[in-house]
Amino acid sequence: VQLQASGGGLVQPGESLRLSCAASGRAFSDYGMGWFRQAPGKEREFVAAISRGGGTTYFADSVKGRFTISRDNAQNTVYLQMNSLKPEDTAVYFCAARLGWPKLVDVEYSLWGQGTQVTVSS
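Counting from 1, residues in each chain are numbered in the order their sequence is written. Selection of residues for local features in this predicted model requires a pLDDT of at least 70, selection of side-chain atom pairs for listing and counting requires 80 or more, and totals for whole chains, interfaces and linings are taken over all residues. Values shown for side chains rest on all heavy atoms present in the structure; no hydrogens or waters enter the calculation.

Chemist: A description of the packing of aromatic side chains should follow, citing residues and the corresponding values.
Modeler: Under the pairing criterion, centres of Phe, Tyr and Trp rings, with the six-membered ring standing for Trp, must be within 6.5 Å; the plane angle then separates stacked pairs below 30 degrees from edge-to-face pairs above 60, leaving the rest tilted. According to the stated counting rule, one finds five aromatic pairs in the structure shown. Ring centres 5.7 Å apart and planes at 70° place the aromatic pair Phe36 and Phe46 in the edge-to-face group. Within this pair, whereas Phe36 is found in strand S4 (residues 31–38), its partner Phe46 is found in strand S5 (residues 45–50), the two being separated by 10 residues in sequence. Like Phe36, the residue Phe46 is buried in the burial classification. Secondary structure elements follow DSSP: runs of H or I of four or more residues count as helices, runs of E of two or more count as strands, with numbering from the N terminus. For the exposure calls, accessible area comes from a 1.4 Å probe over protein chains only, and a residue counts as buried if that area is under 20% of its type's maximum, exposed if over 50%, partly exposed in between.

Shown next, in the form of structure tokens:
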């Protein structure tokens with residue numbers, strides 16, 4: 001599976017963005033999917049994760065209630081809907097995949113997309 005993230009951009013505080021992560025290859029539905037982000041000078045951190053069938057989701061406390069994660073296994077795509085964006089959400093966002101159940105730490109993921117920049121600024 002190869003991953004391609006897209007949808008980043010520059011937005012003002014309070015606005016929304018939807019990130020997409022398209023997967024190529026076989027058996028996308030075998031993979032738990034996660035989104036992580038890395039701000040300048042900071043370590044990469046967990047944002048959200050979703051189970052293979054989409055029935056279970058996890059969120060970092062910092063984004064809970066503002067972000068949602070979903071997936072379309074027919075389209076081999078996972079989404080991160082980001083609402084009420086704040087300047088502290090500014091980061092490069094990465095999607096990641098791992099066989100089986102999703103995890104909340106980046107070292108558990110073996111496949112990574114290239115990252116998409118999200119900048120929240122007035």
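Chemist: An account of the side chain of Asp89 is requested, with residue identities and associated values reported.
Modeler: Here Asp89 is to be found in the loop between strand S8 (77–82) and strand S9 (91–99). Judged by its relative accessible area of 0%, Asp89 is buried. Contacts are assigned to residue pairs that have any heavy atoms within 4.5 Å of one another. Among residues more than four places away in sequence, those in contact with Asp89 are Arg37, Arg66, Phe67, Ser84, Val118 and Val120.

Chemist: An account of the side chain of Thr77 is requested, with residue identities and associated values reported.
Modeler: Here Thr77 lies in strand S8. Counted as a polar contact is a pair of N or O atoms within 3.5 Å, where, for protein atoms, one must be capable of donating a hydrogen and the other of accepting one, and residues adjacent in sequence contribute only when both atoms are in side chains. A distance of 2.8 Å separates a polar side-chain atom of Thr77 from the backbone oxygen of Gln75. For Thr77, the contacting residues outside a window of four places in its chain are Ser20, Cys21, Ala22, Phe28, Ser70, Arg71 and Asp72.

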